[in-house]
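Here are the chains, one letter per residue:
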Amino acid sequence: MSTISNTAAIPADDPRRNLMVANPDNSDALHLGVVGDTYTILLSGTDTAGRFTLIDMHVPPESGPPPHRHDFEETFILLDGELQATFRGEKRIVRAGETIHIPANAPHQFHNASSKPVRMLCICSPAGQEEFFKQLGTPVATRTTPPPKPDAAQQAAFIKKAIELAPKYRTELLKEAK
């Protein structure tokens, strides 16, 4: 192997880190019901030395998170379906095969306005968003299992908990994605 001498040295391989193989349909995968969606944590910050997290997202019709912003980068790769994405107040339709990137701190929201479920991969960098979802979500059986429908009291408790936890996970909930 040749070495290029005019470049900065990269660190040595860390043999304590292992190859990760993630399967969203594996019975050991962590599936969480959050805001009516089901999020499967494929790679956590523990797996990636904190560099990023990878989440498989199942978004049923008429579902998606409220407007928000956060202090980390977020990328969505749509595998199936189409979403209405709102970015800084501008709405657009994003379809399977497309990728959208949300810069840190930008107001945004996505919503499945179609009649079919959406499947997408979400990359957050650096990692940490998966911990927010672990604190907030309800474990479910599979990557497409819908979360239980909350009653009014449970929904109020969920919103209160989300508002309390959001700052810890560098997230701000907004009235609009403007």
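Rules of the game
Residues numbered from 1 in each chain as written. Predicted model: local features only at pLDDT ≥ 70, side-chain atom pairs only at ≥ 80, totals over all residues. Heavy atoms only, no water. Buried < 20%, exposed > 50% of the residue type's maximum accessible area, 1.4 Å probe, protein only. Helix = DSSP H or I, 4+ residues; strand = E, 2+ residues; numbered from the N terminus. Pairing = 2+ DSSP bridges. Contact = heavy atoms within 4.5 Å. Axes fitted to C-alpha atoms, helices over the stretch in contact; angles between N-to-C directions. Arc of directions from axis to C-beta. Parallel < 35°, antiparallel > 145°, perpendicular 65-115°, else oblique. Left-handed = near helix turned anticlockwise from the far one by under 90°. Nonpolar A, V, L, I, M, F, W, Y, C, P; charged D, E, K, R; others polar. Salt bridge = Lys/Arg side-chain N within 4 Å of Asp/Glu carboxyl O.

(A) Structural context of the pairing of strand 3 (residues 53-59). Extensive coverage of strand 3 is indicated by the burial of seven of its seven residues. Residues Thr53, Ile55, Met57 and Val59 line one face of strand 3 and the alternating positions Leu54, Asp56 and His58 line the opposite face, and both faces are buried. Pairing geometry for strand 2 (residues 37-43) and strand 3, over five bridges, is antiparallel. Within strand 3, the position partnered with tyrosine 39 by the bridge is methionine 57.

(B) Local environment of the sheet that holds strand 1 (residues 30-34). One open sheet accounts for seven strands, arranged 8-5-10-3-2-1-11; its pairing is antiparallel. Each edge of the open sheet is held by one strand with a lone partner, namely strand 8 (99-102) and strand 11 (138-139). Both strand 5 (residues 73-80) and strand 10 (residues 118-125) contribute to a ladder of seven bridges, which runs antiparallel. Residue pairing across strands places leucine 78 opposite methionine 120, the latter belonging to strand 10. Of the strands in this sheet, strand 1, strand 2, strand 3, strand 10 and strand 11 touch helix 1 (residues 129-136), which is tilted by about 70° from strand 1.

(C) A look at helix 1. Residues of helix 1 that are buried: Gln129, Glu130, Phe132, Phe133 and Leu136. In an axial view of helix 1, the angular spread of the buried residues amounts to 155°, which keeps them on one side of the axis.

(D) Spotlight on the packing of helix 1 against helix 2 (residues 152-165). Between helix 1 and helix 2, whose axes approach to 10 Å, the crossing angle comes to 150°. Regarding the angle of helix 1 to helix 2, the classification is roughly antiparallel. Our pair here, helix 1 against helix 2, has a crossing hand that is right-handed. Across the interface between the two elements, Phe132, Gln135 and Leu136 of helix 1 pack against Phe158, Lys161, Ala162 and Leu165 of helix 2. Grouping the constituent residues of the contact of helix 1 with helix 2 by class yields five nonpolar, one polar and one charged.

(E) Quick look at the pairing of strand 8. What you see with strand 8 is a clean split: Ile100 and Ile102 sit on the buried side and Thr99 and His101 on the side with no burial. Where strand 5 meets strand 8, four bridges bridge the pair, whose relative direction is antiparallel. Note that in strand 8 the partner of glutamate 74 across the bridge is isoleucine 102.

(F) The arrangement of the pattern of salt bridges in detail. Under the defined criterion, the tally for this structure stands at nine salt bridges. Between glutamate 172 and arginine 69 there is a salt bridge, and its shortest N-O distance comes to 2.6 Å. Taken together, the positions of glutamate 172 in strand 12 (residues 171-173) and arginine 69 in strand 4 (residues 68-70) put the pair 103 residues apart, joining distant regions of the chain. When its relative accessible area of 29% is taken as the criterion, arginine 69 is described as partly exposed. With a closest N to O distance of 2.7 Å, glutamate 90 and arginine 92 form a salt bridge. Among the residues examined, glutamate 90 registers a relative accessible area of 45% and is labelled partly exposed. Judged by its relative accessible area of 46%, arginine 92 falls in the partly exposed class.

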